[in-house]
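# Inside the fold
In case you want the letters, here they are:
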Amino acid sequence: MPTVNIKGQDVELVAPTSVADAYDCLAALGNNTTRGMAAALGLCARGPHKPAARLKSHSQADWLRFGGDVIDHYHKKGLQLDEWLPQANEAVELVASVVAGTSQGEVTKAAGN
């Protein structure tokens, strides 16, 4: 499990188990980069130092709201975007790996392997 350090706090990152959530999170990233990256961090973060934000539904608007809630979580803790957003890149990579793994599996299956 990768771990990122955000202002002295270790946050474990776990790839999402839902392929649909991974696709929706990446779609949010395409609509608003900062909120999408924050949503990826919120989706992948585990442990006591994960953002205090919950995804309430799975609509595209809610993914953006979820990302906004993660942004607000860190803002309330006194952190600026540049103090945690770079670490969100690792979460985006985990989310993308779930989608890429699915795509690779579909290519392999289609090829008869």
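Residues numbered from 1 in each chain as written. Predicted model: local features only at pLDDT ≥ 70, side-chain atom pairs only at ≥ 80, totals over all residues. Heavy atoms only, no water.

### Observations concerning the overall build of the protein
The helix and strand inventory of the protein stands at 4 helices and 3 strands. Across the protein, helices and strands are ordered from the amino to the carboxyl terminus as β-β-α-α-β-α-α. At a minimum sequence separation of 6, the contacts of the protein that also span at least 24 residues come to 68%. Entry remark: accessible area of the protein is about 6200 Å², with carbon and sulfur atoms responsible for 53%. (Helix = DSSP H or I, 4+ residues; strand = E, 2+ residues; numbered from the N terminus. Contact = heavy atoms within 4.5 Å. Areas by Shrake-Rupley, 256 points an atom, 1.4 Å probe, with all protein chains shown as cover.)

### Describing helix α2 (residues 33–44)
For α2, spanning 12 residues, the distance from its first C-alpha to its last is 17 Å, which sits close to the expected 16 Å at 1.5 Å a residue. α2 sits mainly inside the fold: 9 of its 12 residues count as buried. (Expected span 1.5 Å × (residues − 1). Buried < 20%, exposed > 50% of the residue type's maximum accessible area, 1.4 Å probe, protein only.)

### Some words on the pattern of salt bridges
This structure, assessed with the given rule, holds 3 salt bridges. Residues Asp62 and Arg65 are paired through a salt bridge, measuring 2.7 Å at the closest nitrogen-oxygen approach. Of this pair, Asp62 and Arg65 both sit in helix α3 (residues 60–76), separated by 3 residues, roughly a single helical turn. For Arg65, a relative accessible area of 25% corresponds to the partly exposed category. As a salt-bridge pair, Asp69 and Arg65 come within 2.0 Å of each other at their nearest N and O atoms. Within this pair, Asp69 and its partner Arg65 are both found in helix α3, separated by 4 residues, close to a single helical turn. What makes Asp69 partly exposed here is its relative accessible area of 25%. What emerges from the salt-bridge pattern is a single network uniting Asp62, Arg65 and Asp69. (Salt bridge = Lys/Arg side-chain N within 4 Å of Asp/Glu carboxyl O.)

### Considerations on the confidence of the model for the protein
Taken as a whole, the protein shows an average pLDDT of 88; of its residues, 89% reach a score of 70 or greater. Per-residue pLDDT, averaged within each element of the protein, yields its smallest value for helix α4 (residues 85–110) (78) and its largest for α2 (97). Predicted confidence is poor over residues 104–113, with pLDDT under 50, and the contacts of this stretch with residues over four places away or in other chains come to 1 contact. (pLDDT = per-residue confidence, 0-100.)

### Examining the environment of Val99
Looking at the element boundaries, Val99 is found in helix α4. Separated by 77 residues in the primary sequence, Val99 and Ala22 have C-alpha atoms spaced 6.4 Å apart. Setting aside residues up to four positions removed in sequence, Val99 forms contacts with Ala22, Tyr23 and Leu26.

### Remarks on the sheet that holds strand β1 (residues 3–6)
Taking strand neighbours across the sheet as the criterion, the 3 strands line up as β1-β2-β3 in an open arrangement whose pairing is antiparallel. The sheet is open, and its two edges are formed by β1 and β3 (45–46), each paired on a single side. Sheet topology places β1 next to strand β2 (residues 9–13); 4 bridges connect them, and they run antiparallel. In the sheet register, Thr3 faces β2, and the bridge partner there is Glu12. (Pairing = 2+ DSSP bridges.)

### A few points about the packing of helix α1 (residues 19–31) against α2
A packed helix pair is summarised by two numbers, namely the angle formed by the two axes and the spacing between the axes. The geometry of α1 relative to α2 is characterised by a closest axis approach of 5 Å and an angle of 155 degrees between their N-to-C directions. As summarised for this structure, α1 and α2 are arranged roughly antiparallel, according to the angle between their axes. The interaxial crossing formed by α1 with α2 has left-handed handedness. Of α2, the residues touching α1 (which contributes Asp21, Cys25, Ala28, Leu29 and Asn31) are Thr33, Gly36, Met37, Ala39, Ala40 and Leu43. Looking at the contact of α1 with α2 residue by residue, the class counts come to 7 nonpolar, 3 polar and 1 charged. (Axes fitted to C-alpha atoms, helices over the stretch in contact; angles between N-to-C directions. Parallel < 35°, antiparallel > 145°, perpendicular 65-115°, else oblique. Left-handed = near helix turned anticlockwise from the far one by under 90°. Nonpolar A, V, L, I, M, F, W, Y, C, P; charged D, E, K, R; others polar.)

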